[in-house]
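# Summary of the model geometry
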Amino acid sequence: MDSTTADLVDASTQATSHRSAKLQPAIAGILAALSALATTELIAGVSSAPTSLLSSVASLLIRIMPPAITEFGINTFGTNDKAVLQGSIWLVAILGGAVLGIAAARWFWVGVLGFVGFGLLGMVAGASDPLATTSLAVITAAAAGAVGIAILAWLVGAAESAATSPDTGRRGFLGVAAGIAVGIVATTSIGRALLARTRQMAASREEVILPTADVQAAAPPTGASLGVDGISPLITPNDEFYRIDTALTIPIVDLDSWRLRIHGMVDRPFEMTFDDLLAMPMVEEHITIACVSNRVGGDLIGTAKWLGVPLSEILNRAGVQDGATQIVGRSVDGFTVGFPTETVFDGRQALLAVGMNDEPLPLDHGFPARFVVAGLYGYVSATKWLSDIELTTWDAFDAYWVPRGWDKEGPILTSSRIDKPANGAQVDLNVPTIIGGVAWAPTRGISKVEVQINEGAWLEADMAESISDNTWVQWQLDWTPDTSGGQVIKVRAYDGDGVVQTDRVAPSKPGAATGYHGRSIFIGEI
Ligand SMILES: Nc1nc2c(c(=O)[nH]1)N[C@H]1C(S)=C(S)[C@@H](COP(=O)(O)O)O[C@H]1N2
Ligand SMILES: [Mo]
């Protein structure tokens with residue numbers, strides 16, 4: 001090659017790398033924006049949330065768009081308008097990402113600002129969408145923004161090194177960019193596949209028609225609700241019911257192939273379909289369930305009306321053998337509980353539940369079937385997504401949480417909570433106010449609740465009527481503060497046998513947290 005040709009070749013490579021150097025920031029911005037969107041898709045899929053951040057953004061846009069545009073959209077695209085809108089969000093992300101990328105190559109902070117803005121928009125959209133869980137939307141939007149910034153930084157960096165050593169740098173940039181593009185496609189596909197499975201499962205739940213119970217629960221007596229604002233509602237709505245489990249993604253249960261197996265130390269092991277289960281005798285009961293890891297005053301507790309088959313019916317059908325001292329409940333994802341067989345026959349409510357507050361079990365509360373045993377913490381009794389019941393001995397098996405350091409037996413301890421006033425609340429001097437909350441000791445019931453103000457005498461609170469000994473009970477104390485300044489309010493409850501809850505302060509491991517719940521408030525002049 002003579003020198004002229006060499007120069008020419010050199011010049012042409014330089015021209016291409018120059019052109020691609022101009023394109024690189026735009027590509028960086030586009031990939032960063034798409035990575036952010038892919039992040040929202042993945043989180044939507046993994047969390048099995050009923051809605052995705054993108055649909056929240058889409059509904060926000062629909063709400064704030066001039067009606068003329070929305071109408072045009074509906075007329076033009078019919079019922080696909082939301083899909084079109086979501087598609088448009090991807091398109092806007094591509095264009096916006098390109099602009100951001102070009103700007104970020106000169107002033108990186110512009111790119112950062114762009115993604116922060118994108119994150120904030122997502123947070124506002126999620127918080128204002130009644131279908132979305134606000135905390136999840138906020139986390140999703142923050143994660144998406146952070147991923148966007150990280151990918152932008154990575155690619156802008158790669159583009160810069162491409163500019164300094166054009167040949168190896170350009171190939172380096174393309175390699176990184178291609179890898180990220182593959183990641184975006186993979187992440188989005190996984191997220192969408194998971195979401196589609198959740199939707200499908202939700203659809204099979206929609207089709208379930210629950211039988212009416214042979215023994216229906218009486219409506220709670222009117223006197224069971226004090227009607228005081230700020231005290232926990234007597235029945236916890238399903239969507240406010242606490243959720244605790246080890247499942248990262250809600251187990252997918254296909255009703256057609258779901259079977260419940262009863263085996264181990266029984267005379268007649270058998271398997272049941274969901275229809276078989278629904279055909280068994282059903283009862284309805286209000287039962288309060290609680291988590292052992294609830295802190296004193298915490299909210300990992302709730303009361304629902306459960307519909308289900310008494311566990312005794314199932315065990316009697318199988319014929320429990322002598323010496324079968326433990327019932328093990330295993331879920332489709334391998335989680336296990338274990339509790340004494342005698343609890344099923346000692347007269348308490350122990351159910352294989354299929355319904356919660358007049359609905360099939362919600363997906364995150366164990367659809368299609370779960371245990372609910374009055375008086376036992378969830379970790380030893382309340383298997384959700386149940387698939388297997390095994391009768392064994394107490395010594396032969398330790399359920400999920402036992403080798404992890406928790407007590408093998410988990411009876412719910414007598415406990416009480418102040419719901420109002422809130423911690424740190426300011427309360428007016430010389431104005432009547434209400435201190436109130438809930439108290440529980442499932443299977444034993446609550447006989448008395450007492451309140452103490454600033455280490456004074458214990459005052460007996462007014463108790464609402466209780467639904468049954470298996471449920472929590474509301475209580476209130478009418479009080480007119482007559483001393484200004486800081487005050488500490490404490491509560492304690494007595495169970496149905498007249499035994500007061502323990503004041504011993506203990507953490508929740510290995511048993512449940514104990515001690516009296518207290519709140520600090522401030523009494524001031526009006
Ligand atoms: N399959 C399965 N079931 C489970 C758990 C779990 O991790 N996996 N956690 C248990 C615990 S610790 C509690 S407190 C209750 C909570 O039930 P909830 O989420 O319906 O309130 O479910 C129990 N059932
Ligand atoms: Mo729990």
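Below is a short write-up of the structure. The shown structure was predicted, so the numbers you read here are calculated from the model rather than taken from an experiment. In this numbering scheme, every chain counts its residues from 1 along its sequence in written order. Chains and ligands are labelled by the order in which they are written, letters from A for the one and numbers from 1 for the other. Selection of residues for local features in this predicted model requires a pLDDT of at least 70, selection of side-chain atom pairs for listing and counting requires 80 or more, and totals for whole chains, interfaces and linings are taken over all residues. As a rule here, side-chain values cover all heavy atoms of the structure and leave hydrogens and water aside.

What makes two strands pair is DSSP finding at least two bridges between them. Each helix is a run of H or I in the DSSP string that is no shorter than four residues. Each strand is a run of E no shorter than two, and both are numbered from the N terminus. Pairing within the open sheet is mixed, and its five strands lie in the order β2-β1-β10-β5-β6. Looking at the sheet topology across the chains shown, the edges are occupied by β2 (270-272) and β6 (336-340). Taking each pair of neighbouring strands and ignoring which way they run, the sheet shows an average axis angle of 15°. Across six bridges, strand β5 (residues 326-331) lies against strand β10 (residues 386-392) in antiparallel orientation. Looking at the pairing, Q326 lines up with T392 of β10. This element, helix α9 (residues 311-318), spans β1 (260-264), β2, β5, β6 and β10 of the sheet and lies at about 140° to β2. Lines fitted to C-alpha atoms define the axes here, with helix axes fitted over just the stretch in contact, and angles between the N-to-C directions of these axes take values from 0 to 180 degrees. A contact between two residues is defined here by any heavy atoms of the two lying within 4.5 Å.

Here the focus is a nonpolar patch on the surface. A contiguous nonpolar surface patch, about 280 Å² in accessible area, is contributed by L91, I94 and L95. Relative accessibility under 20% of the residue-type maximum defines a buried residue, over 50% an exposed one, and the middle range a partly exposed one, all with a 1.4 Å probe and only protein chains included. The partly exposed category is assigned to I94, whose relative accessible area is 32%. In this analysis, a patch consists of residues with relative accessible area above 30% that form no salt bridge, clustered at 9 Å for like charges and at 5 Å for the nonpolar side chains Val, Leu, Ile, Met, Phe, Trp and Tyr. To be clear on the numbers: accessible area is Shrake-Rupley with a 1.4 Å probe, and residue cover counts the displayed protein chains and nothing else. Just to be clear on terms, a salt bridge is a Lys or Arg side-chain nitrogen sitting within 4 Å of an Asp or Glu carboxyl oxygen.

Within a regular strand, the side chains alternate between the two sheet faces. In terms of residue burial, β10 counts as a mostly covered element, since six of its seven residues are buried. Direction of pairing for β1 relative to β10: parallel, over a ladder of four bridges. Along β10, the bridge assignment pairs I262 with I389.

Y242, T246, H365, R370 and K384 are the nearest of the 18 residues found near ligand 1. Two N or O atoms form a polar contact when they lie within 3.5 Å of each other; inside protein one atom must be a possible hydrogen donor and the other a possible acceptor, and for residues adjacent in sequence the pair counts only when both atoms belong to side chains. In the model, an oxygen atom of ligand 1 is placed 2.6 Å from a nitrogen or oxygen of the H365 side chain. Contact distances for ligand 1 include 3.0 Å between a nitrogen atom and a backbone N or O atom of A382. Across the complex, the protein chains shield 99% of the 530 Å² of accessible surface that ligand 1 would expose by itself. To be near a molecule or strand, a residue needs just one of its heavy atoms within 4 Å of it.

Here we come to the nonpolar core. Nine residue types can take part in a nonpolar core, namely buried Ala, Val, Leu, Ile, Met, Phe, Trp, Tyr and Cys, and a core is a set of them joined through side-chain atoms within 4.5 Å. Ranked by internal contacts, the top residues of the largest apolar core, which has 72 residues, are L277, W306, I314, F339, L352 and I389. If you tally residues by element for this core, the top one is strand β7 (residues 350-356), at six residues. Once residues lying within four places of it in the same chain are set aside, the contact partners of I389 are L260, R261, I262, H263, L311, I314, I327, V328, L352 and F371.

A few words now on the side chain of H517. Relative to the helices and strands, H517 resides in strand β19 (residues 517-524). Within polar-contact distance, the side chain of H517 engages the backbone nitrogen of I418 at 2.9 Å. Setting aside anything within four residues of it in sequence, one finds H517 in contact with V296, G297, S416, R417, I418, I489, K490 and V491.

Here the focus is the sheet that holds strand β16 (residues 462-463). One open sheet accounts for four strands, arranged β11-β13-β17-β16; its pairing is antiparallel. Every interior strand has two partners, whereas the edge strands, β11 (415-420) and β16, have only one. Note: β16 against strand β17 (residues 473-479), two bridges, orientation antiparallel. When the sheet's bridge partners are listed, M463 is paired in β17 with W475.

We now examine the pattern of salt bridges. The final tally for this structure, using the stated rule, is 17 salt bridges. A salt bridge links R348 to D346; its shortest N-O distance comes to 3.0 Å. With a relative accessible area of 44%, D346 lands in the partly exposed category. Taken together, the salt bridges that share partners define one network made up of R261, R330, D388 and E390.

Bringing the packing of helix α5 (residues 108-127) against helix α6 (residues 134-164) into the picture now. Running from N to C, α5 and α6 point in directions that differ by 165°, and their axes come no closer than 8 Å. As judged from the angle between their axes, α5 and α6 are roughly antiparallel. Where α5 crosses over α6, the two elements pack in a sense that is right-handed. Of the residues in α6, those in contact with F108, G111, V112, F115, V116, F118, G119, G122, M123, G126 and A127 of α5 are T134, A137, V138, A141, A142, A144, G145, G148, I149, L152, A153 and V156. The residue inventory of the contact of α5 with α6, partitioned by class, reads 16 nonpolar, seven polar and no charged. Angle categories are assigned with fixed cut-offs, so that under 35 degrees is roughly parallel, over 145 is roughly antiparallel, 65 to 115 is roughly perpendicular, and the rest are oblique. In a left-handed crossing the near helix is turned counterclockwise from the far helix by less than a right angle, and in a right-handed crossing that turn is clockwise. Residue polarity is assigned by list, with Asp, Glu, Lys and Arg as charged and Ala, Val, Leu, Ile, Met, Phe, Trp, Tyr, Cys and Pro as nonpolar; anything else, Gly included, falls into the polar class.

Next up on the list: the packing of aromatic side chains. Any pair of Phe, Tyr and Trp rings, taking the six-membered ring for Trp, is counted once the centres come within 6.5 Å. Such a pair is stacked with planes under 30 degrees apart, edge-to-face with planes over 60 apart, and tilted for the rest. Per the counting criterion, the structure on display carries 11 aromatic pairs. An angle of 70° between the planes, with centres 6.4 Å apart, marks the rings of F115 and F118 as edge-to-face. Residue F115 and its partner F118 are both found in helix α5; the two are separated by three residues, about one turn of the helix. Within the aromatic cluster, the residues linked to one another by ring pairs are F335, Y379, Y400, W401 and W406.

This paragraph deals with the pairing of β7. With seven of seven residues buried, β7 lies mostly within the body of the structure. Inspection of the sheet shows β7 paired to strand β9 (residues 370-373) by four bridges, in the antiparallel sense. When the sheet's bridge partners are listed, L351 is paired in β9 with V372.

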